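What the coordinates show
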Amino acid sequence: MLAVIVLAGLAGPILAYPQRWQVPVVVGELFMGVVLGRTGLGYLKDSDPTFTFLAAIGFGLVMFVAGTHVPIRDHRLQRSLGRGTARAALVGAGSAVLGVVVASAFGTGHAALYAVLMASSSAALILPIIDSLDLHGEQVLQLLPQVAIADAACIVALPLAIDPVHAGRAALGAAVVILAGAAIYGVLAYLEREGYRHRLHHVSEERHFALELRISLVILFSLSAIASRSYVSVMLAGFVFGLAVAAIGEPRRLARQLFAITEGFFGPLFFVWLGASLNLRALGARPTLILLGVLLGVGALLSHALARLTGAPLSLSSLAAAQLGVPVAAATVGTNLHVLLPGESAALILGALVTVAAATIAGGVAARKQRVNAPG
């Protein structure tokens, strides 16, 4: 079964290989999960306890890596923090209105969830696109804090929005996890400042102990245990720990080790599991859910287009609408809590893929404009 899962995960790199397509690796992994899971052949059972447990580990690691991608230490982000915050707030206000409209039109009662989804931006997806296309300039600098703030705020808000009946409990649990993450940051910052981390790194590298990876996994799983006991998802635990590591500065050796363990095994396994858990046949039984997914994607593009009022180019505002982590988390958590309608999780993923396609096109447009306007 593991051999099949890892083999299925290779569809991600195969689809992502043509650079001009700019297809995220997770698209192929999700697709193979759909083919082998509930919708397709039924070989992979998302309810299998071992499969589910390994996927939960992958979920936490994926969100940890997403947190480390937030450029907290980037001085460019700090200089543009004010305008980026204003743009994120403007997008959030527009998303709140559109969330109410879409939820009322489909009668799902998930206005808060849709608002969070449409307001979100995926730093783990957008930043690699910016780097691969070599986008730069003042407008791109102002985009960084907007994406970082939206990504962090929406991941914190998601547990409250997806299960409003238990919002108080979720808010308390989120506060506990955030405080624990702050304490971890304080300890790690002290160890970095006093040089203990550097000494540990030297011994680990010299003796091949992989101590940084081992300790990082201990912290991640401990924080995930706190999250589980506090009735919030491991999603928040992974992201908070990732932010703490990003604030200190992720060691290159640890980055390589985490890349290997996450992107090589646990990440693909999680996305294949997620694809296997989606029931796309429910979309066929209820075609309105296809329309819901499309409208969620279009709504995200419209709400982010409001940044145009502050001078942001439409191509970059569309790029900022790219979302994947938050919709994936919503589909995963919603499925586990049984708070979504049949097929609604697939509609959330469809909405995310609409924004990914639009962001891919928008990134290419921005790159062409940049080349045309370049001196010489």
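Our structure's up above, just so we're on the same page.
To keep things clear, this report deals only with the structure shown in the data block.

Parameters and conventions
- Residues numbered from 1 in each chain as written.
- Predicted model: local features only at pLDDT ≥ 70, side-chain atom pairs only at ≥ 80, totals over all residues.
- Heavy atoms only, no water.
- Helix = DSSP H or I, 4+ residues; strand = E, 2+ residues; numbered from the N terminus.
- Buried < 20%, exposed > 50% of the residue type's maximum accessible area, 1.4 Å probe, protein only.
- Contact = heavy atoms within 4.5 Å.
- Core = buried A, V, L, I, M, F, W, Y, C linked by side-chain atoms within 4.5 Å.
- Expected span 1.5 Å × (residues − 1).
- 1 Å grid on protein atoms, 1.4 Å probe; cavity = no way out; pocket = protein on both sides within 12 Å on 5 of 7 lines; lining within 4 Å.
- Points joined across faces, edges and corners; volume = space filled by probe spheres on them.
- Nonpolar A, V, L, I, M, F, W, Y, C, P; charged D, E, K, R; others polar.
- Phe/Tyr/Trp six-rings, centres within 6.5 Å; stacked < 30°, edge-to-face > 60°.
- Axes fitted to C-alpha atoms, helices over the stretch in contact; angles between N-to-C directions.
- Parallel < 35°, antiparallel > 145°, perpendicular 65-115°, else oblique.
- Left-handed = near helix turned anticlockwise from the far one by under 90°.

Comments concerning the overall build of the protein
Within the protein one finds 19 helices and zero strands. Over its C-alpha atoms, taken along the principal directions, the protein stretches across nearly 60 × 55 × 45 Å. Buried positions account for 52% of the 376 residues belonging to the protein. Taking all contacts inside the protein whose residues are at least 6 apart in sequence as the whole, residues at least 24 apart take part in 80%.

Brief notes about the environment of Ala-148
By secondary structure assignment, the location of Ala-148 is in helix α9 (residues 138-162). Between the C-alpha atom of Ala-148 and that of Ile-72, which follows or precedes it by 76 residues, the distance is 8.1 Å.

Thoughts on the nonpolar core
With 102 residues, the main nonpolar core has Leu-113, Tyr-114, Ile-130, Leu-158 and Leu-319 as its most contacted residues. When residues of this core are assigned to their parent elements, the largest contribution, 11 residues, is made by helix α4 (residues 49-68). Apart from the residues within four sequence positions on either side, Ile-130 is in contact with Leu-135, Val-140, Leu-143, Leu-144 and Leu-319.

Describing helix α10 (residues 167-193)
In this model, α10 (27 residues) spans 38 Å end to end at C-alpha, consistent with the 39 Å of a helix rising 1.5 Å per residue. Every buried residue of α10 is accounted for by Ala-170, Gly-173, Ala-174, Val-177, Ala-180, Gly-181, Ile-184 and Ala-189. Against α9, α12 (211-229) and α13 (234-248) lie the buried residues of α10. Of the residues one or two after α10, Gly-195 is the one with positive phi, at around 85°.

Quick word on the layout of surface pockets
Its volume calculated, the second largest pocket comes out at about 710 Å³. Lining the second largest pocket we find 28 residues, and of these Ser-228, Val-232, Ser-233, Val-234 and Asn-336 sit closest to its centre. When residues of the lining of the second largest pocket are traced back to their parent elements, those giving at least two are α4, α9, α10, α12, α14 (252-277) and α18 (325-337). The element that contributes the greatest number of residues to the lining of the second largest pocket is α4, accounting for seven residues. Taken together, the residues of the lining of the second largest pocket break down into 18 nonpolar, eight polar and two charged.

A few points about helix α6 (residues 81-106)
Across its 26 residues, α6 extends 36 Å between first and last C-alpha, which sits within 8% of the 38 Å expected from 1.5 Å per residue. Buried residues of α6: Gly-84, Arg-87, Ala-88, Val-91, Gly-94, Ser-95, Gly-99, Val-102, Ala-103 and Phe-106, and no others. Check the buried side of α6 and you find it contacts α7 (111-119), α9 and α16 (288-305). Gly-107 lies just past α6 and shows a positive phi near 65°.

Quick notes on empty space enclosed by the protein
Inspection of the entire model under this criterion finds one cavity of 30 Å³ or more. Size it by volume and the largest cavity reaches roughly 40 Å³. For the lining of the largest cavity, the secondary structure elements donating two or more residues are α9 and α17 (314-320). Residues of the lining of the largest cavity, tallied by class, amount to six nonpolar, three polar and one charged.

Observations concerning the packing of aromatic side chains
Under the definition given, this model contains six aromatic pairs. Ring geometry for Phe-59 against Phe-270: centres 4.9 Å apart, planes inclined by 10°, an arrangement best described as stacked. You can see Phe-59 sitting in helix α4 and its partner Phe-270 sitting in helix α14, a full 211 residues away along the chain. Using a relative accessible area of 1% as the deciding quantity, one classes Phe-270 as buried. With centroids separated by 6.4 Å and ring planes inclined at 40°, the aromatic side chains of Tyr-190 and Tyr-196 adopt a geometry described as tilted. Aromatic ring contacts, followed pair by pair, group Phe-59, Phe-270, Phe-271 and Trp-273 into a single cluster.

Structural notes on the side chain of Ser-122
Within the secondary structure, Ser-122 sits in the loop between α7 and α8 (123-132). Overall, the relative accessible area of 8% leaves Ser-122 in the buried class. Setting aside chain neighbours within four positions, we find Ser-122 in contact with Val-147, Asp-151, Ala-322, Gln-323, Leu-324 and Gly-325.

Topic: the environment of Ala-182
Its location among the elements puts Ala-182 in helix α10. On a C-alpha basis, the gap between Ala-182 and Phe-241 in space is 8.7 Å, while along the polypeptide they are 59 residues apart.

Quick word on unusual backbone geometry
One non-glycine residue, His-208, lies in the positive phi region at around 60°. Its location among the elements puts His-208 in the loop between α11 (196-207) and α12. One non-glycine residue with positive phi stands out, namely His-338, at about 60°. On the secondary structure map, His-338 appears in the loop between α18 and α19 (344-373). Overall, the relative accessible area of 70% leaves His-338 in the exposed class.

A short note on the packing of α10 against α12
Contact geometry for α10 and α12: axes closest at 9 Å, N-to-C directions at 155°. With respect to α12, the axis of α10 lies roughly antiparallel. Seen along the crossing, α10 lies across α12 with a hand that is right-handed. For the pair α10 and α12, contact is made by Val-176, Val-177, Ala-180, Gly-181, Ile-184 and Leu-188 and by Ile-219, Leu-223, Ile-226 and Ala-227, respectively. Classifying every residue of the contact of α10 with α12 gives nine nonpolar, one polar and no charged.

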